[in-house]
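Chain residues, written in single-letter form:
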Amino acid sequence: MAGLLRQILSLGLLGEALPPTQPEWMSAEVDHIQQSVLRHFGRSLGVRLVDAGSCNGCELEIHALNSPQYNLAGAGIRFVASPRHADILLVTGPVSRHMEEALKRTYDAIPAPKWVVAVGDCGATGGLFGESYAVCGGVSRIIPVTVTVPGCPPSPLRLLQGILTAVSGSAPNSLPPQPE
Amino acid sequence: MTRDDDTPEITPLAGAIPARHGIVAVSDLRARSLTVKEQGGRLISLWGSDERATTGGYHLQVALSDSDGLLWLSVPLPSLAYPALEDIFPNAARMQRTLHDLLGLHPEGARDLRPWVRHGAWSAHDFPLRKDFVPPCPAGRLEDYPFVAVTGQGVHEIPVGPVHAGIIEPGHFRFAVVGERVLRLEERLGYTHKGLEKRAEGMDLDTLMRLAGRVSGDSTVAFSWATAMAAESILALKPPPRALWIRALLLERERIAQHLGDLGYLCNDAGLAAGFSQFWILREEWLRTQQQIFGHRLLMDQITVGGVEHDLYPDGAVEMTAELGRVELRVRQLDDMLQEHAGVQDRFLSTGRVKPDMAARFGMIGLAGRASAQAWDLRVQFPSVPYDHCDVRMATQSSGDVAARVRVRFEEIHESVRLLRHFLVRMPHSALQTHCPPGCKGSGAGWVEGWRGEVFVALQLDAGGKVQRWHPVDPSTTNWPLVEQAIMGNIVPDFPLINKSFNLSYSGQDL
Ligand code: SF4
C-alpha cells in the first residue's frame, strides 16, 4: 500500500487543459462552456455509450478518455451506467441491423434535453462497412445526431471536443476531418 | 493413419508459416479430424465457400493445427450437408451454426441448430455468403431467440444486454442463478455482425488491408499481418527483412498496450481505482509514442501487402528504448503492489476458474488458454522471422483463474519488453516494401500470435487478383464458450471481473 501511495505522489497531477471546441473561434469560449456545463449539469454531464456495431477501436479511445491525463471528472463529465442518467449519448460503429432496435430504445430512454455524438468514420457514414444486408450505415440513419466526430478512431481529445461542442449549443454538425 | 505423405493432393503453401493445403473427400473428413485430435491437435476454424461458378458446388473449409503446423482442408460437398465435427472439436459447434446462417450448409449430427449470427435481419432461407444472395429489402424483423431454460426450486434468470452499463461491446448474457450463485450462463452474440466476409468479396488487396485492420480494433496489427501473410503466400512475395522486424515490433507494442489497459480495468473491477489510473497513465503515454512514431495511436494501417508503411524515424528507436526502461520499472512496481494487496488478491484468486482438462477439451487458446496450462504460442511453436531468432519464452500458469490470467499478462509484458529491446538493437537495414506483383488466382493462409491469441486468416483470390473469399478468425471465437464455463458457481457480481480477465472480442467473433 505504501508503495502505491508513493507512486501516486511521485507522478503528481497529470491532468491536461481541455481542448478547444469547434469551430476554432469558439476556443476562447472553452472556459465559458465549461462554466456552463458546470452550471447546467451541476458538475455532472452524464455520458452514455452505445456500441452499435463498432470494431471496438472507437471504444478503446473512449476508454482512453478515462486516462488521468484527460481529467474528465475535472471537466464535470462522467460516464453513467443507465441511459436514464444520461444527457449525452455517444454512439460508435456503423449501426448493425442487429443493434438498430437497441439503439433506438436507448435513445428513447434518455430524458430530454439530449444530445447525440456520432463517433468515428463509421458513426458518421458507416465507414468501410458502408451499408449492407448487415449494416444500416451511419448513426443519423437511425436517430437524430447533434455532432459527428470523424476519425478512425477519433483521438480522445477529439472526442472531448465533440462532447463539448455538442453541449455548447451553437454547434456545427460535424468536426472537420482528423488531421493525420 | 492418414498422413500427408500418402496423400499427394495435400501440398505445402508458400510463405512465412508451415502450412499445407489440399482437397479431401467429405468421406475422409472425420477420420482426418480424429487423427489430428488424437495427436493433440486442434480445430482453428470451420467455414465454407460458394464454388458453384467453378466446381459446381460448395466447399467446406477446415483449418487444423497439428505438430507440423497448419493443415487447411478444402472439402467439396456433393450436397448441402457435411458431418458435424463438434463431438471431436467442441469449438466447431458455433462455427457450424454460423456456417449455416451465412451459407446454408447443414452439419449432420449436430445437436444445436439454432441460428447464431443471424438474428432475423435476413431470413432463414437467405444466405449472405452465397454469390447470388440478394439482400432483403426492407430488412427482416429481429426474431426471438430460444434460450435454454433452466428450471428448479429457487432458480431465476437475469438477462443482461445487449447494451451494457460500461463501455463494452454489445452482447447478451442470460444468467440462471440461485441466490447470487450462477448455475448457468448462456451467451448470445452476433449483435455486431457487419457482414465483413461478404463486404470483402471482390475487393482489391489495398482495401482488404484496411478492412482487415478493423475486424477487431484492439488486434489491428495481428489481423493486418495475418491478412498480408495470406496474400503474400498467394503472390509468392517475400517482404524485406526490416519490414518483418517492424511488423513484429508493432505486434509486441500492441500486446503491451492491451495488457496495460486490461490490467488497469482488472484493478478497477476489483475495486482498486488507483491501480486503474496507474496502468492507464502508462497506456496513454504508450499510445502517444505510437502516434508520434507511426502516426496512429492504435497502429492501424501500418502493414501493407509486401511490407510496412512507416520506418522508425531516426530518433524513434532511441525514444522507444528509453520508454521501455520506464515502463518496465513501473510495471514491476505495480506488480509488487498488486501482489501485496490482500483485497485485490482475494478477488483474483480462484475466481472464474477454467481447469486445464476443461481447457484442453474445448481447445482453449491464447493468453487465457496459457493461464489454464494450454501451452500454445505460435511465436514459440512455429516462429516466423524475426521470432525465429529470439527464443520466445512462453508464459503459462495452471490454476486457470483470474489471478492466472493476470499473471500471464504481467509475464507477457516483460517478455515483450525483452523482445522489443532485441528488435530495436538488432533490426536489419533494408527496404520497407517489396513490389507487389499484379494479383493472381490462389489460396493462402496467415497465422499470427496476437495479444489475445492466434489470429488466423484464409484468403482466396480470383484470376483478377480480387478477393473471392476472405475468412478472418479471432481467437475469441474459440474462447467465448469458456467464459460460460468460467462463471459457473461464481457470484453474479464477479462476472465483469471474469469477463474482463478474458477480454474477448465481440466484433471479432461476430464479423
Ligand atoms: S471508425 Fe474506425 S475505429 Fe471506429 S468503429 Fe469504425 S473502423 Fe473501428
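No experiment lies behind these values; they were computed from the predicted model shown. (Residues numbered from 1 in each chain as written. Chains lettered and ligands numbered in written order. Predicted model: local features only at pLDDT ≥ 70, side-chain atom pairs only at ≥ 80, totals over all residues. Heavy atoms only, no water.)

**Things to note about the overall build of chain B**
Our working rule: Secondary structure elements follow DSSP: runs of H or I of four or more residues count as helices, runs of E of two or more count as strands, with numbering from the N terminus. Buried residues are those whose accessible area, probed at 1.4 Å on protein chains only, stays under 20% of the maximum for their type, while exposed residues exceed 50% and partly exposed ones sit between those limits. Pairs of residues are marked as contacts when any of their non-hydrogen atoms sit within 4.5 Å. For the area figures, the Shrake-Rupley method with a 1.4 Å probe applies, and any residue is considered shielded solely by the protein chains shown.
When helices and strands are tallied, chain B shows 16 helices and 15 strands. Oriented by its inertia axes, the alpha-carbon framework of chain B measures out at about 70 × 60 × 50 Å. The buried share among the 511 residues of chain B stands at 62%. In chain B, of all internal contacts separated by at least 6 residues, the share reaching a separation of at least 24 is 68%. When the accessible area of chain B is evaluated, it comes to approximately 17700 Å², of which 54% is carbon and sulfur surface.

**Concerning the overall build of chain A**
When helices and strands are counted, chain A shows 6 helices and 5 strands. In sequence order, the secondary structure elements of chain A are arranged as α-α-β-α-β-β-α-β-α-β-α. Expressed as a percentage of the 180 residues in chain A, the buried residues total 58%. Partitioning the contacts of chain A with sequence separation of at least 6, the portion at a separation of at least 24 is 76%. For chain A, the accessible surface area stands at approximately 7100 Å², while carbon and sulfur atoms represent 54% of it.

**A closer look at the interface of chain B and chain A**
Heads up, the rule is: Summed over both partners, the accessible surface that disappears when two parts come together, traced with a 1.4 Å probe, is what is meant by buried area. One speaks of a salt bridge when a side-chain nitrogen belonging to Lys or Arg is within 4 Å of a carboxyl oxygen belonging to Asp or Glu. Each residue receives one of three labels: charged for Asp, Glu, Lys and Arg, nonpolar for Ala, Val, Leu, Ile, Met, Phe, Trp, Tyr, Cys and Pro, and polar for the others, Gly being one of them.
Contacts between chain B and chain A engage 64 residues on the former and 49 residues on the latter. Overall, the association of chain B and chain A removes approximately 4600 Å² of surface from exposure, summing both partners, and the carbon and sulfur fraction of that is 64%. Run the count over chain B and chain A and you get 1 salt bridge. Between Glu61(A) and Arg297(B) there is a salt bridge, with its nearest N and O atoms 2.5 Å apart. For the side of chain B that touches chain A, the secondary structure elements donating two or more residues are helix H3 (196–200), helix H4 (205–212), helix H6 (241–269), helix H7 (273–294) and helix H8 (316–340) of chain B. If one sorts the elements of the side of chain B that touches chain A by residue count, H7(B) sits on top with 11 residues. For the side of chain B that touches chain A, a count of residues per class yields 30 nonpolar, 19 polar and 15 charged.

**A look at the pattern of salt bridges**
Where charged atoms of side chains with opposite charge meet at close range, the side chains can pair. Residues and elements named next belong to chain B. According to the stated counting rule, one finds 46 salt bridges over all chains in the structure shown. For Arg452, the salt bridge goes to Asp218, with nearest N and O atoms at 2.7 Å. In this pair, Arg452 sits in the loop between strand E13 (442–449) and strand E14 (454–461) while Asp218 sits in the loop between H4 and helix H5 (220–235), placing the two residues 234 residues apart along the sequence. Exposure remark for Arg452: the relative accessible area of 3% places this residue in the buried category.

**Some thoughts on the nonpolar core**
What counts here: To form a nonpolar core, buried Ala, Val, Leu, Ile, Met, Phe, Trp, Tyr and Cys residues must be joined to one another through side-chain atoms within 4.5 Å.
Ranked by internal contacts, the top residues of the largest apolar core, which has 162 residues, are Phe423(B), Phe456(B), Leu459(B), Trp470(B) and Phe502(B). For this core, the leading source of residues is H6(B), giving 14 residues.

**Quick notes on the sheet that holds strand E4 (residues 115–119) of chain A**
Residues and elements named next belong to chain A. For the record, the criterion: Think of it this way: DSSP has to see at least two bridges between two strands before they count as a pair. Only the stretch in contact is used when a helix axis is fitted, and all axes are lines through C-alpha atoms; the angle between N-to-C directions ranges over 0 to 180 degrees.
Spatially, the 5 strands line up as an open sheet ordered E2-E1-E3-E4-E5, and their pairing is parallel. The sheet is open, and its two edges are formed by strand E2 (77–79) and strand E5 (147–149), each paired on a single side. Shown here is a sheet whose adjacent strand axes are inclined to one another by a mean of 25°, direction ignored. Here E4 runs beside E5; their pairing, made up of 3 bridges, is parallel.

**A look at the environment of Phe502(B)**
Residues and elements named next belong to chain B. Mapped onto the elements of the fold, Phe502 is located in helix H15 (residues 495–502). In this structure Phe502 comes out as buried when scored by relative accessible area, which is 1%. Separated by 135 residues in sequence, Phe502 and Leu367 place their C-alpha atoms 8.2 Å apart. Aside from chain neighbours lying at most four places away, what touches Phe502 is Val354, Met364, Ala368, Arg405, Arg409, Leu482, Val483 and Ala486.

**Describing the environment of Leu263(B)**
All names here are of chain B. Note on placement: Leu263 falls in helix H6. Distance in space between the C-alpha atoms of Leu263 and Trp280 is 9.0 Å, their sequence separation being 17 residues. Discounting residues that sit within four places of it in the chain, Leu263 has contacts with Phe279, Val406, Arg409, Phe410 and Ile413.

**Some words on the domain arrangement of chain B**
Quite often, the size of an interface is put as the accessible area lost when its parts meet. Residues and elements named next belong to chain B. Rules: For the purposes of this description, domain bounds are those given by an automatic or database domain assignment. Whenever two N or O atoms come within 3.5 Å, that pair is a polar contact, provided that in protein one can donate a hydrogen and the other can accept it, and provided that, for residues adjacent in sequence, both atoms are side-chain atoms.
Domain parsing of chain B yields domain 1 (10–108), domain 2 (155–188) and domain 3 (196–304 + 316–502). Centre-to-centre, using C-alpha coordinates, domain 2 lies 27 Å away from domain 3. Contact residues are listed per partner, giving 11 residues for domain 2 and 13 residues for domain 3. For the pair domain 2 and domain 3, the summed buried surface comes to about 1100 Å²; carbon and sulfur atoms form 61% of the total. Connecting domain 2 to domain 3 are 0 salt bridges. Applying the counting rule to domain 2 against domain 3 returns 5 residue pairs in polar contact (both at pLDDT 80 or more).

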